[in-house]
Amino acid sequence: MQIIASVPALQRLAQRWSRTGTRVGFVPTMGSLHDGHLSLVKRARQLVGPRGKVVLSIYVNPTQFGPGEDFSRYPRDWERDLRLCRAAGVDVVFAPDDRQMYAGDAVARHSTYVVEEDLARTLEGASRPAHFRGVTTVVAKLFNLVRPEVAVFGAKDFQQAAVIRRMVRDLNFPVHIDVAPTLREPDGLAMSSRNQYLRGSKRAQAAVLWRSIREARRAVRRSRRGISAVRLKQRLKRFIEREPAARLDYIEFFEPDTLVPVAKVTRGAHLALAVFVGKTRLIDNAPL
Ligand code: AMP
């Protein structure tokens with residue numbers, strides 16, 4: 001397994017792969033890897049075959065964090081990440097620092113951004129205003145560097161995958177976007193690097209995101225003609241906030257392709273929610 005920190009070194013390698021017609025699968029991450037990330041690696045390997053190359057990037061991208069968010073304390077575990085990547089059969093770990101990713105003396109001097117202006121406005125985009133601008137910008141940069149044939153994202157970040165797909169379509173990136181299912185802990189909590197923040201009873205309370213998804217499914221499946229989104233939101237907010245450390249940030253029901261909210265929630269609508277459990281902000285989503 002190769003570990004590359006330098007942008008020019010990665011560019012040289014990607015150029016060589018391009019000349020030799022090597023298939024490249026790409027998994028962008030912020031590190032602190034868990035089985036969810038590793039399932040994306042497995043998927044990338046399936047897609048490019050044993051002779052293809054699987055690149056995993058580890059980069060905690062400062063431009064996708066807002067002021068007051070957890071950028072500086074985001075969990076980092078470099079040695080463990082490398083061990084997991086080796087065991088999972090990753091060919092190249094690309095782990096640049098801010099100077100490599102954001103020209104010269106880092107973020108302050110960077111002035112070109114990629115902005116998706118439709119799907120990125122709602123949900124996470126409404127709660128975290130500059131978040132998707134940071135995501136689309138860094139993913140566009142990574143696509144330009146790695147030049148993958150396919151990039152694998154997790155359904156855990158449903159809106160992110162939708163925004164990236166739109167960016168790829170609108171800007172003609174020659175990459176296929178594959179979205180792999182959300183991996184969960186036994187109690188249903190979606191795996192996330194941020195779960196490490198959950199201490200004591202908060203870990204068990206965090207399963208309320210998954211339980212509220214199941215509650216919504218039951219309600220929708222019981223009703224013949226669908227349920228008012230407003231009423232279902234109120235009901236789930238109460239359900240979630242019965243957990244003492246849980247506070248709902250948002251819960252929305254929408255069309256999965258357009259992310260446009262629905263007034264009546266029926267089967268096939270998509271649910272996404274963000275909940276603070278203590279200071280930890282968790283997200284989840286699922287089709288109903
Ligand atoms: P992150 O390191 O959190 O930026 O995530 C990197 C990639 O892993 C993104 O495409 C995420 O959607 C994906 N991912 C994160 N958690 C999970 C999970 N529990 N199951 C599947 N994919 C995940």
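See above for the structure.
Throughout what follows, the structure given in this document is the object of discussion.

## Structural notes on the pattern of salt bridges
Argument step 1. Applying the stated rule across the entire model yields 18 salt bridges.
Argument step 2. In this structure, Arg 23 engages Glu 149 in a salt bridge whose closest nitrogen and oxygen atoms are separated by 2.5 Å. Here Arg 23 is found in the loop between α1 (7-19) and β2 (24-29), whereas its partner Glu 149 is found in the loop between α6 (131-146) and β5 (150-154), with 126 residues between them in sequence.
Argument step 3. Exposure remark for Arg 23: the relative accessible area of 38% places this residue in the partly exposed category.
Argument step 4. One salt-bridge network, held together by shared partners, links Glu 69, Glu 124, Arg 128, Asp 249 and Arg 281.

## Structural notes on a positive patch on the surface
Argument step 1. Taken together, Arg 224, Arg 225, Arg 231 and Lys 264 make up a surface patch of like positive charges.
Argument step 2. Along the chain, the position of Arg 224 falls in the loop between α9 (208-222) and β7 (227-228).
Argument step 3. On the accessibility criterion, Arg 224 (85% relative accessible area) is exposed.

## Topic: empty space enclosed by the protein
Argument step 1. Under the defined criterion, the tally for this structure stands at one cavity of 30 Å³ or more.
Argument step 2. By volume, the largest cavity amounts to about 50 Å³.
Argument step 3. Looking at the largest cavity, the residues that line it are Lys 156, Leu 189, Ala 190, Ser 192, Asn 195, Leu 209, Leu 282, Ile 283 and Asp 284.
Argument step 4. Broken down by element, the lining of the largest cavity gets its largest block of residues, three residues, from strand β11 (residues 280-287).
Argument step 5. Of the residues belonging to the lining of the largest cavity, the class tally is five nonpolar, two polar and two charged.

## Observations regarding the nonpolar core
Argument step 1. Of all hydrophobic cores here, the largest spans 42 residues; its most connected members are Phe 94 and Phe 143.
Argument step 2. Sequence-distant contacts of Phe 94, defined by excluding residues within four places in its chain, comprise Ile 4, Ala 5, Ser 6, Val 7, Leu 10, Val 55, Leu 56, Ser 57, Ile 58, Met 101, Leu 142 and Leu 145.
Argument step 3. In this structure, Leu 198, Leu 232, Ala 246 and Val 262 belong to the second largest nonpolar core, which totals 31 residues.

## Observations regarding the site of the ligand
Argument step 1. The local shell around the ligand holds 17 residues, among which His 37, Gly 154, Asp 157, Leu 183 and Met 191 are the closest.
Argument step 2. Between Met 30 and the ligand, the recorded distance is 2.9 Å, taken from a backbone N or O atom to an oxygen atom.
Argument step 3. In the environment of the ligand, a nitrogen atom lies 2.9 Å from a nitrogen or oxygen atom belonging to the backbone of Met 191.
Argument step 4. In isolation the ligand exposes 480 Å². Once the protein is present, 93% of that is buried.
Argument step 5. Looking at the shell around the ligand, the elements with two or more residues in it are β2, α2 (35-48) and β5.
Argument step 6. In terms of residue count, the dominant contributor to the shell around the ligand is α2 (three residues).
Argument step 7. Within the shell around the ligand, the residues separate by chemical class into eight nonpolar, seven polar and two charged.

Scoring rules and cut-offs
- Residues numbered from 1 in each chain as written.
- Predicted model: local features only at pLDDT ≥ 70, side-chain atom pairs only at ≥ 80, totals over all residues.
- Heavy atoms only, no water.
- Salt bridge = Lys/Arg side-chain N within 4 Å of Asp/Glu carboxyl O.
- Helix = DSSP H or I, 4+ residues; strand = E, 2+ residues; numbered from the N terminus.
- Buried < 20%, exposed > 50% of the residue type's maximum accessible area, 1.4 Å probe, protein only.
- Patch = residues over 30% accessible without salt bridge, like charges linked within 9 Å, V, L, I, M, F, W, Y side chains within 5 Å.
- Areas by Shrake-Rupley, 256 points an atom, 1.4 Å probe, with all protein chains shown as cover.
- Lys, Arg positive; Asp, Glu negative; His and termini not counted.
- Charge placed at Lys NZ, Arg CZ, Asp CG, Glu CD.
- 1 Å grid on protein atoms, 1.4 Å probe; cavity = no way out; pocket = protein on both sides within 12 Å on 5 of 7 lines; lining within 4 Å.
- Points joined across faces, edges and corners; volume = space filled by probe spheres on them.
- Nonpolar A, V, L, I, M, F, W, Y, C, P; charged D, E, K, R; others polar.
- Core = buried A, V, L, I, M, F, W, Y, C linked by side-chain atoms within 4.5 Å.
- Contact = heavy atoms within 4.5 Å.
- Near = heavy atom within 4 Å.
- Polar contact = N/O pair within 3.5 Å; in protein donor to acceptor, adjacent residues only side chain to side chain.

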